[in-house]
Number of protein chains: 2
Amino acid sequence: MTVTMKKVARRAGVSISTVSRVLSGHLNVREEISCKVKRIMKELGYTPNIIAKSLVSKTTNSICVLLPGPAEELFSNLFFMELIRGIVAGASRLGFDILISSGATEQEELEVVSQLLKGRRVDGMIVLSSHYDDAVIEYLNTNSYPFVLVGRSDKYDGILSVDTNHSMAAYDATSHLITMGHERIGFVSGPQDLIVSRDRLEGYRNALLDHGLEWYPEWIVEGESLQDSGYGSISDFMNLPNRPTALVAVDDMVTFSVIRVLKQLKYKVPDDLAIVSFNNIPLAELSVPPISSIDTRIYDLGAMASQVLIQRIQHPEHENQYKNRFIIAHQLIERESSMLAM
Amino acid sequence: MTVTMKKVARRAGVSISTVSRVLSGHLNVREEISCKVKRIMKELGYTPNIIAKSLVSKTTNSICVLLPGPAEELFSNLFFMELIRGIVAGASRLGFDILISSGATEQEELEVVSQLLKGRRVDGMIVLSSHYDDAVIEYLNTNSYPFVLVGRSDKYDGILSVDTNHSMAAYDATSHLITMGHERIGFVSGPQDLIVSRDRLEGYRNALLDHGLEWYPEWIVEGESLQDSGYGSISDFMNLPNRPTALVAVDDMVTFSVIRVLKQLKYKVPDDLAIVSFNNIPLAELSVPPISSIDTRIYDLGAMASQVLIQRIQHPEHENQYKNRFIIAHQLIERESSMLAM
DNA sequence: CTGTTAGCGCGTTCAT
DNA sequence: ATGAACGCGCTAACAG
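Residues numbered from 1 in each chain as written. Chains lettered and ligands numbered in written order. Predicted model: local features only at pLDDT ≥ 70, side-chain atom pairs only at ≥ 80, totals over all residues. Heavy atoms only, no water.

Where an unreviewed UniProt entry is consulted, chain A appears under the name LacI family DNA-binding transcriptional regulator, with the organism given as Paenibacillus monticola.

Laid out in structure tokens, this is it:
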């Protein structure tokens, strides 16, 4: 049998209101009674019913993380695990629970989000997808539900968001290679419809531009095609006349594939091709050779996301009063894959 | 302003009860009225308040996944990501939401679990940790809350659990190497306090025993020490007099380290040392050479976990009536790392 | 300071 | 087939 406030009240010989007051820490209760009630609560093993609480307070102390639709490939990415870990940590520090949800299609996502928010099951959303045009963001924005975007949206610039400065990160990665003496630097791009991909490409170009170096379309390899026909793409790339001596790759996983193929082709990293990539997954260190990678502090990104969202939920009046865009500083971890050839 | 049943009722000129009946799909409502109410619900954009619903029904249609504390998180994030993916998929197919939670210490975990269950925020728990002696399991079991353990507990054998037959998996991995002609086979173990580790070690031994082969304590390397002083351990191992020609490693990540060190020591895989490991992470295929690995179908494990738990929640009367232990079949993926040396 | 009352939005009796 | 009334467990308004 569950222990309710009613029982505690009866057992302590006081009214329910008093018990409630003790629970919520109101001070207008005689010290003596307060102690007694607390003792009885302990004795009976009372735990407040959060559901009832949120029915009346209209807040649930929980937020939902909406995972990107076709969870299949994205999910297996270490990125999301790390992010979620950060989100959970940040939220639980503030007493919030995390609900994980996802929808197969965009329509389904909208349905889920609407149910959750209108049904008052969660107080806010963390959106992880970052397509150019996102119906979910549109929905959340127009209905002014509290939410934070992990990533960036071109369309709405006033929205609360947490992000890495991907352009700058790519700029730094490229500059590092330039510092190492490379003058012909290639690029392995990510999926074209993601903003991240465009930002990184931009950073890469800017770095070359600022250093007076050139780049050619043939130096840019589509990352996705590597998964299927990695061998051919890399082979073609390495046979380019006057080919690049270094490469900026958009993801550590992709870099793994690249290195593997290069080995099969009897090329040496970094001697024949130096590489810097992104995300700094744990395995980057274990690779042969270890991979230089931009650490984007994904865990911190997640923690920050939940914290700013909760802040917004608890103090909606601060909207537009403080800044809406939070950038987590990245960091280049230099390893062997980008070292100077000796 | 939120749309409640009250409003729908007023707008439709019927009582709240009727609206409720329509919503829950009861058939004792005149077709005509049912349609009208449904139309109005659509019109007004009504979404049932899940919180109120669960207050009265005493069920939340959501379950909680308790993530292991920071201690083990290093071991293999990929495992948990894949597992959670399966859990979310399995749960959402049945209309359940997933709450993610974790505690830094065991005490904190207990606190969280207790809050969630007694506070009726979730209907059940999925427990991922699998120490020999787990306070959380003890708590859940004695209070007879619905829960499922992903893994195995020696202490309580009647509890609902989903698992891989790790012993059998290790047996199969070892047998595979034996089939390949190896007679001296080493083993890289996992953390000693995990049941998984012991099971796998057992399977390894049994395989050797059944084939009349010997094993020596020096052939068993502590996996954790590899992370720190991998170089030394492996070097020692390879310099053993009459050393093993093959190795069963407890995890793909560990295998990565091993292969890396072997390369530095100028040994060849599989020629100098054949390796089979566990989990079949995506990168196993991309390794040089590709790693033979036991695929434990982690996604299916997760999906199964949420489904049996929900089954138990919805039909508690079936307890002890059906089996409580579900095994997901594993599968050996043979790749180059265990191929016959030519 | 404390107890009484009135909901939060919904399901579930009872009657009718 | 339908409506009125009550209660889930809790908070907040009002009295005293």
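Structure's up, so let's keep going.
Enquirer: Can you help me understand the pairing of strand S6 (residues 185-189) of chain B in this one?
Expert: Strand residues, when the strand is regular, have side chains that alternate between the two faces of the sheet. Residues and elements named next belong to chain B. Burial within S6 is extensive, with five of its five residues counted as buried. Of the two faces of S6, the one lined by Ile185, Phe187 and Ser189 and the one lined by Gly186 and Val188 are each fully buried. Examined bridge by bridge, S6 and strand S7 (residues 220-222) share three bridges and lie parallel to one another. Residue pairing for S7: Val188 is matched across the bridge by Val221. Taken together, S6, helix H10 (residues 195-210) and S7 constitute a β-α-β crossover, and its handedness is right-handed. (Buried < 20%, exposed > 50% of the residue type's maximum accessible area, 1.4 Å probe, protein only. Helix = DSSP H or I, 4+ residues; strand = E, 2+ residues; numbered from the N terminus. Pairing = 2+ DSSP bridges. Right-handed = clockwise from strand over helix to strand, strands pointing away.)

Enquirer: So what exactly am I meant to see when it comes to the protein's contact with DNA strand C here?
Expert: For DNA strand C, the set of nearby residues contains 23 residues, the closest of which are A:Ser17, A:Thr18, A:Arg30, B:Met5 and B:Tyr46. Each atom of DNA strand C within 4 Å of the protein was assigned to sugar, phosphate or base; sugar and phosphate come to 65%. B:Met5 is positioned such that a nitrogen or oxygen atom in its backbone is 2.7 Å from a phosphate oxygen of DNA strand C. Between DNA strand C and B:Tyr46, the relevant distance is 2.5 Å, taken from a phosphate oxygen to a side-chain nitrogen or oxygen of the residue. Secondary structure elements with two or more residues in the surface near DNA strand C: helix H2 (16-23) and helix H4 (50-57) of chain A together with helix H2 (16-23) and helix H4 (50-57) of chain B. (Near = heavy atom within 4 Å. Polar contact = N/O pair within 3.5 Å; in protein donor to acceptor, adjacent residues only side chain to side chain.)

Enquirer: What exactly am I supposed to notice about the sheet that holds strand S11 (residues 325-328) of chain B here?
Expert: For sheets, the rule is that strands pair by backbone hydrogen bonds, running either parallel or antiparallel. With mixed pairing, the twelve strands of this open sheet are ordered in space as S11(A)-S5(A)-S4(A)-S3(A)-S1(A)-S2(A)-S2(B)-S1(B)-S3(B)-S4(B)-S5(B)-S11(B). Taken across any chain shown, the strands that pair with only one partner, and hence form the sheet edges, are strand S11 (325-328) of chain A together with S11 of chain B. For this sheet, the mean inter-axis angle between neighbouring strands, taken without regard to orientation, is 25 degrees. Two elements, strand S3 (residues 124-127) of chain B and strand S4 (residues 147-150) of chain B, share three bridges in a ladder whose sense is parallel. The residue bridging B:Ile126 from the neighbouring strand is B:Val148, located in S4(B). (Axes fitted to C-alpha atoms, helices over the stretch in contact; angles between N-to-C directions.)

Enquirer: In this structure, what is going on with the side chain of B:Ser101? I would like to understand it.
Expert: All names here are of chain B. With respect to the helices and strands, the residue Ser101 is situated in strand S2 (residues 97-102). We classify Ser101 as buried; its relative accessible area is 5%. Ignoring sequence-local partners within four residues, the contact set of Ser101 consists of Cys64, Val65, Leu66, Leu67, Val112 and Leu116. (Contact = heavy atoms within 4.5 Å.)

Enquirer: Even after reading the chapter, I still don't get the pattern of salt bridges, so can you show me in this structure?
Expert: Opposite charge on two side chains lets them pair, provided their charged atoms get close. Summed over all chains, the structure comprises 14 salt bridges over all chains. As a salt-bridge pair, A:Arg30 and A:Glu32 come within 3.7 Å of each other at their nearest N and O atoms. Here A:Arg30 and A:Glu32 have matching classes, each one exposed. Its salt-bridge partner being B:Arg121, residue A:Asp97 comes within 3.5 Å of it at the nearest N-O pair. Placement of A:Asp97 in strand S2 (residues 97-102) and of B:Arg121 in the loop between helix H7 (106-118) and S3 is noted, with the two residues assigned to different chains. The buried category is assigned to A:Asp97, whose relative accessible area is 14%. Beyond isolated ion pairs, a larger network of salt bridges with shared partners links A:Arg11, A:Arg39 and A:Glu43. (Salt bridge = Lys/Arg side-chain N within 4 Å of Asp/Glu carboxyl O.)

Enquirer: Can you walk me through the UniProt feature "domain: HTH lacI-type" (unreviewed entry) in chain A in this structure?
Expert: If you check UniProt for "domain: HTH lacI-type" (unreviewed entry), the listed places come out as residues 3-57 of chain A in our numbering. With 69% helix and 0% strand, residues 3-57 of chain A has end C-alpha atoms that lie 21 Å from one another. (UniProt positions renumbered as here; feature names shortened; annotations may be inferred.)

Enquirer: Help me out: how do you make sense of the domain arrangement of chain A in this one?
Expert: You'll often see interface size given as the accessible area lost when the parts meet. Here chain A is described as being made up of domain 1 (5-57), domain 2 (62-164 + 299-330) and domain 3 (166-295). Computed from C-alpha coordinates alone, the two centres of domain 1 of chain A and domain 2 of chain A are separated by 35 Å. (Domains from an automatic or database assignment.)

Enquirer: What exactly am I supposed to notice about the sheet that holds S6(B) here?
Expert: Residues and elements named next belong to chain B. Taken together, the six strands give an open sheet; going across it, the order is S7-S6-S8-S9-S10-S12, and neighbouring strands pair in mixed fashion. Pairing within the sheet leaves two strands with one partner each, and these edge strands are S7 and strand S12 (331-333). The sheet shows a mean angle of 20 degrees between the axes of neighbouring strands, taken without regard to direction. With respect to the sheet, helix H9 (residues 166-179) is in contact with S6, strand S8 (246-249), strand S9 (274-278), strand S10 (292-295) and S12, its orientation differing from that of S9 by roughly 165 degrees. Those strands touched by helix H12 (residues 252-264) are S6, S8, S9 and S10, and its axis lies near 155 degrees from that of S9.

Enquirer: Would you mind going over the protein's contact with DNA strand D with me for this structure?
Expert: What surrounds DNA strand D is a group of 25 residues, the closest being A:Met5, A:Tyr46, B:Thr18, B:Arg21 and B:Arg30. If you look at DNA strand D and keep only atoms within 4 Å of the protein, 67% of those are sugar or phosphate atoms. Within the contact set of DNA strand D, a base nitrogen lies 2.7 Å away from a side-chain nitrogen or oxygen of B:Arg21. The set of elements that each furnish at least two residues to the surface near DNA strand D consists of H2 and H4 of chain A together with H2 and H4 of chain B. Among the residues forming the surface near DNA strand D, the class breakdown is twelve nonpolar, eight polar and five charged. (Nonpolar A, V, L, I, M, F, W, Y, C, P; charged D, E, K, R; others polar.)

Enquirer: When you look at the interface of chain A and chain B in this model, what are you seeing that I'm missing?
Expert: Between chain A and chain B, the contact holds 47 residues from the first and 44 residues from the second. Together chain A and chain B conceal approximately 4,400 Å² of surface at their shared face, both sides included; 65% is due to carbon and sulfur atoms. Counting the surface chain A buries against chain B, the share from its top three residues, A:Ile51, A:Met81 and A:Arg121, is 15%. On inspection of chain A and its partner chain B, the count reaches two salt bridges. Run the count over chain A and chain B and you get twelve residue pairs in polar contact (both at pLDDT 80 or more). As paired strands, S2(A) and S2(B) are joined by three bridges and run antiparallel to one another. Following the sheet pairing, A:Ile98 is matched in S2(B) by B:Ile100. (Buried area = accessible area lost by both parts, 1.4 Å probe.)

Enquirer: Whenever I open this one, the packing of aromatic side chains confuses me. Can you help?
Expert: Summed over the entire model, instances satisfying the criterion amount to seven aromatic pairs over all chains. Its end group placed over the ring of A:Phe278, A:Arg200 keeps NZ or CZ at 4.1 Å from the ring centre. (Phe/Tyr/Trp six-rings, centres within 6.5 Å; stacked < 30°, edge-to-face > 60°. Lys NZ or Arg CZ within 6 Å of the ring centre and 35° of its normal.)

Enquirer: Sorry, what's going on with the relation of the copies chain A and chain B here?
Expert: In this arrangement, two copies of a chain are superimposed by a rotation about an axis accompanied by a shift along the axis. The transform that puts chain A on chain B rotates by 179 degrees and translates by 0.1 Å along the axis, for an RMSD of 0.3 Å. The relationship between the two copies is best expressed as a two-fold rotation axis. Within chain A, the C-alpha atom positioned nearest to the axis of rotation is that of A:Leu99, 2.3 Å from it. Interface overlap between copies is the fraction of interface residues in one copy that are interface residues in the other; for chain A against chain B it reaches 89%, indicating a shared surface. (Least-squares fit on C-alpha atoms with pLDDT ≥ 70 in both.)

Enquirer: Explain helix H8 (residues 135-142) of chain A here, please?
Expert: Residue pairs three or four apart in sequence face the same way in an α-helix, which turns once every 3.6 residues. All names here are of chain A. Along H8, the residues classified as buried are Val136, Ile137, Tyr139 and Leu140. Taken end-on, H8 shows its buried residues confined to a sector of 160 degrees, consistent with a single buried face. For H8, the N-terminal cap is Asp134; the gap from its side-chain oxygen to the backbone nitrogen of Val136 is 2.9 Å. (Arc of directions from axis to C-beta.)

Enquirer: Help me understand the pairing of strand S8 (residues 246-249) of chain A, please; the structure alone is not making it clear to me.
Expert: Residues and elements named next belong to chain A. Side chains of S8 alternate between two faces, with Ala246 and Val248 and Leu247 and Ala249 buried alike. Across four bridges, the pairing between strand S6 (residues 185-189) and S8 is parallel. Across the sheet, the residue bridging to Phe187 is Val248, located in S8. Handedness of the crossover joining S8 and strand S9 (residues 274-278) through helix H12 (residues 252-264) is recorded here as right-handed.

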